[in-house]
Amino acid sequence: MPSLRQSIGLFCLFLCFTPFFSPVTAQTPAEAEWPAMTSTTRPWTRWWWMGNAVDQQNIRLQLEQFAQAGMGGVEITPIYGAKGYEDQYLEYLSPEWMEALRYTIQIADSLGMAVDMSLGTGWPFGGPQVTPEYAASKLIVQTYDISSGEAMPTIAVEDSLQRSLGASLVGITAYDEQGNAHVFTEEVAEDGSLDWSPESGQWKLYAIFSGKTRQQVKRAAPGGAGYTLDHLSKEALPVYLERFDHAFGENPPKIRSFFNDSYEVYNADFSPQLLEVFEKQQGYDVRRYLRELLTEEDSDTARRVKADYHETLGYMLLHHFTEPWSEWIHQHEAVSRNQAHGSPGNLIDLYAAVDIPECETFGSTRFPIPNLPNYTHDTRNVEPDPVMMKFATSATHVLGKPLTSSETFTWLGEHFKVLLAQTKPEVEQVFLAGVNHVFFHGSTYSPQKAGWPGWLFYASVNFAPSNSWWPHIQGLNEYIARCQSVLQAGKADGDALIYWPVQDVWYDAPLDKLDRQLTIHGIEEWLHPTPFYRLTETLMDRGYQVDFVSDQLLDSLAAQNGSLQTSGSAPTYKALIIPPAEMMPVNTLERILALADLGSTVIFQELPKDVPGLYQLSERRQQLEELKTSLAWEDQGDGLQRTAYGQGEVWLTQDVEKALVKARVERETLVDSGLKFIRRQTDKGASYYLVNHTANPIDTLIPLATEAAFVEVWDPQNGQQGLATSSVQDGNTLVRMALAPGEAWILQTTQEKPTDLPDWPYLNPAQSPITLTNEWQLTFAQGGPELPKNQTLTQLTSWTALPDTNAARFSGTAEYQTTFTLPEKTADDYLLQLGAVRESARVWVNNQEVDILWSVPYQTYIGKYLNAGENTVRIEVANLMANRIRDLDRRGVTWRNYHEINFVNLEYQPFDASDWELQPSGLLGPVQIIPLRKTR
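Summarised in this report is the structure supplied together with it.

The rules we used
- Residues numbered from 1 in each chain as written.
- Predicted model: local features only at pLDDT ≥ 70, side-chain atom pairs only at ≥ 80, totals over all residues.
- Heavy atoms only, no water.
- Axes fitted to C-alpha atoms, helices over the stretch in contact; angles between N-to-C directions.
- Helix = DSSP H or I, 4+ residues; strand = E, 2+ residues; numbered from the N terminus.
- Parallel < 35°, antiparallel > 145°, perpendicular 65-115°, else oblique.
- Left-handed = near helix turned anticlockwise from the far one by under 90°.
- Contact = heavy atoms within 4.5 Å.
- Buried < 20%, exposed > 50% of the residue type's maximum accessible area, 1.4 Å probe, protein only.
- Pairing = 2+ DSSP bridges.
- Phe/Tyr/Trp six-rings, centres within 6.5 Å; stacked < 30°, edge-to-face > 60°.
- Lys NZ or Arg CZ within 6 Å of the ring centre and 35° of its normal.
- Salt bridge = Lys/Arg side-chain N within 4 Å of Asp/Glu carboxyl O.
- Nonpolar A, V, L, I, M, F, W, Y, C, P; charged D, E, K, R; others polar.
- Polar contact = N/O pair within 3.5 Å; in protein donor to acceptor, adjacent residues only side chain to side chain.

### Some words on the packing of helix α2 (residues 56-68) against helix α3 (residues 95-110)
So, step 1. In the contact formed by α2 and α3, the axes pass within 10 Å of each other and the chain directions differ by 30 degrees. For the element pair α2 / α3, the angle class is roughly parallel. When you trace α2 past α3, the crossing you get is right-handed. Together, Gln56, Ile59, Arg60 and Leu63 of α2 and Glu99, Ala100, Tyr103, Thr104, Ile107 and Ala108 of α3 make up the contact between the two elements.

Rendered as structure tokens:
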């Protein structure tokens, strides 16, 4: 679009002396109409109850601290306890524990907060009510070589422990020398004797037993230990839930949501009902193909049988656990929240079966934002992947659900070395994937008498008052609350749906396991290599908003006016995209073409090559080919083929974007500037959340793929609103964007000019910066182990370099104060840049609080606080916990003393900080004030 390109003028954002200057300003704050802040819009935290050693005094205190910091709720997850407090442990679900739960709900409610709880202790679900009969099961296989004329062996499970747990024989298949299978049904007596012998030749017998994995609940709390539940069993779930019904009684606690953590049930590849379910769902008796099911030799038949098996496991998990679990929760007037990742099933369907699908971030991302520290060298974890997160958000969007939650910041970095600034781009990445309900991972209940650093969970960032940066966490929480107030308003918006060929994932599964768990840690095997992943990444990078759809969710779609939608609360998608699929069920292709027939646009990268599964294979292959040959292609040139299909159209091309252009599905070209975005629809118009995760400032006109008379700028960093510089050209809205690396904006389009918003003040440097070079008074305010002596500094330096030895081991806050003279106020505004901050700051100018600077760039606008003449600047800086922890370990002080895993480092080795280098701390500067002028 040459005319569009010509109309976009570049504005000078940075001068050489202000490399991190941002042109946005808080010069004229507006009492803007942000959506209402509620407990749901604020961030929540997972609250570990260690040993359930809780009491009312500390419950109230910590909830008050959470509320004051801006948190909206807690999710209670009981785990193992701290040593030395055993006499204070409460038995899970005991009357005393229920009393503590009800008290928690009462206090939270009085503070405007809410409470969720995991429906178990530790993870995964299990406990003392899970007897071996209902425990997670596995397939046990024993083989026998037999010959005609020999005595037949007694068929019994050889493992004595499995016998004691009730392992039972569920099938025998015998293979002759030609590979013919004979399935025994009535020939085996109760004592294991076999009433059969071969007439001739050599035979191989496969005996399969329903055994037990023997997995116990991981990190269980008192009263929660026991076997892991058989999630595939229809009979097991009611037994598990009966304990909660009994504990809750006739007056269930007012829990907002019950939670289920990620599926971490290991080696659970069987359930007593599996053979029956398999035959009903797949159409044949899998015992006739035991050799193919159990072999590690590669063949098409073996892969088909195994894929059918994977699909059956997923079916049982969905229909025997997830759906009835969610129904039970609804009966208790609560909502269900579930992490489906890790499951051996179709993740989209499992997420879709609950009220709040929840994804997870694990590990950290390396962003190119200048001066963004990351003090952890993590080679163990895969970076959080937005495509993986979209499995959960897609289920929410496609079905028009209001919320997608996220377990956020799990193992973001090494203990005590995660700074608030590191959390900002990570949570922004979560928002960009469609999440709008963040849960911190997490906070540990810790009584006052536990002292510092308090009780700690081994895999989380420490979102607790004991953290040295806790006085500044309100900055993060207010930012999240503002973002989520917008991201929870209106409804999701999307351009296209991408079909997920899960059958290919099952067909390509490793041959040595029967339970393919689709885990976060395994995405490099099951997700990244797939054409589906490459297509999704390409379209997202090109500025298309996409969601995923499963075979099952295709049936919920309706075609209306050329668009696809499930309900009025769901987005309307303009196209359905089918990536290369080796395997596609016939009824799926029929449904896809039916949607085209009703007026939808369907784009195939390739037509499916084959059908999945083994049953009636030749017949289904023929049906698939007939459907494919019914498409009469017309060559459109440039690698495009098209066919009119009923009221819609079907395209075939490797270059999906070309077909999207032909179908008039418009991308957001704003991504060409480096910005990332997510778009929603509100009553006023389109709402854009945009972030700059690049290394460069952005100050330019950007086009929005919508036409709007006016555009409001909402700054979630400080709450300011204003009317952006914008215009309309060629059906697009051009908006001046001005974002430094690490900053975010929200744009709200509207057709009516807001009457109460000032113009947005775009500012650039007007003069050289003023460097604050007077002496600084340094006062240590709060922290430990001891407060260092106050200092007068002629030059800013790390407080670890001060002569007071207490400063090197100090973690907490210190205040820096200085004065400077401003001869006259002539600029439109003034920008305070702190330079290097280790690690967060709160700023006062002339005794007026200005801002919390908790993220990159560490700068704020202070024009309205300044006087002509002498001015005072006071800056409270918080460092990390690292130096104080280092001191404890160097002195051999015992502070980690927990049952079970105790406390480990990022590599899951015993934690020891004694050899750490000192972490620079405090205000390092240079501190500058930059006069600004408006450039609107």
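### As for the pairing of strand β32 (residues 744-750)
So, step 1. Of all seven residues in β32, seven are buried, a share of seventy percent or more.
So, step 2. Of the two faces of β32, the one carrying Ala744, Ile746, Gln748 and Thr750 and the one carrying Trp745, Leu747 and Thr749 are both buried.
So, step 3. Here five bridges tie strand β26 (residues 686-691) to β32, and the two strands are oriented antiparallel to one another. Bridge pairing in β32 links Tyr689 to Ile746.
So, step 4. Here strand β28 (residues 710-714) pairs with β32 via five bridges, running antiparallel. Considered in β32, the bridge of Val711 is made with Thr749.

### Re the side chain of Arg46
So, step 1. Note on placement: Arg46 falls in strand β1 (residues 44-50).
So, step 2. Taking the relative accessible area as the measure of exposure, Arg46 reaches 4% and is therefore buried.

### Remarks on the packing of aromatic side chains
So, step 1. Applying the stated criterion to the full structure yields 59 aromatic pairs.
So, step 2. On the numbers, 5.9 Å between centres and 75 degrees between planes, the contact of Tyr458 with Tyr908 is edge-to-face. Of this pair, Tyr458 sits in the loop between β14 (437-444) and α12 (473-487) while Tyr908 sits in the loop between α21 (882-890) and β44 (922-925); the two residues are 450 residues apart in sequence, bridging distant segments of the chain.
So, step 3. We note Arg291 situated over the ring of Tyr175; from NZ or CZ to the ring centre the distance is 4.3 Å.
So, step 4. We note Arg884 situated over the ring of Trp452; from NZ or CZ to the ring centre the distance is 3.9 Å.

### Quick look at the pattern of salt bridges
So, step 1. This structure, assessed with the given rule, holds 43 salt bridges.
So, step 2. Here Arg337 and Asp116 are joined by a salt bridge, their closest N and O atoms 3.0 Å apart. Taken as a pair, Arg337 in strand β11 (residues 335-338) and Asp116 in strand β3 (residues 114-118) lie far apart in primary sequence, 221 residues in all. In this structure, Arg337 and Asp116 share a single accessibility class: buried.

### Focus on the sheet that holds β3
So, step 1. Strand order in the closed barrel made by the eight strands is β1-β2-β3-β10-β11-β12-β13-β14, with parallel pairing throughout. The mean angle between the axes of side-by-side strands here comes to 30 degrees, regardless of whether they run parallel or antiparallel.
So, step 2. Judged from the four bridges that link them, strand β2 (residues 73-79) and β3 form a sheet pairing that is parallel. Looking across to β3, one finds that Gly73 is bridged to Ala114.
So, step 3. Sheet strands in contact with helix α8 (residues 300-331) are β10 (257-260) and β11, and its direction is about 145 degrees off that of β11.

### Looking at the packing of helix α6 (residues 274-282) against α8
So, step 1. Axis separation between α6 and α8 bottoms out at 10 Å; the angle between their running directions is 105 degrees. In this view, α6 runs roughly perpendicular relative to α8, as classed from their interaxial angle. Counted together, Leu274, Val277, Phe278, Gln281 and Gln282 of α6 and Val305, Asp308, Tyr309, Glu311, Thr312, Leu313, Tyr315, Met316 and His320 of α8 form the full contact between these two elements.
So, step 2. Per-class residue counts for the contact of α6 with α8 are eight nonpolar, four polar and two charged.

### Section: the side chain of His231
So, step 1. Tracing the backbone shows His231 in the loop between β9 (227-228) and α5 (236-248).
So, step 2. Looking at His231, its side chain comes within polar contact range of the main-chain oxygen of Leu229, at 2.9 Å.
So, step 3. In this structure, His231 is in contact with Pro124, Phe125, Tyr263, Val265, Met316, Leu317, His320 and Phe321, ignoring residues within four places of it in sequence.

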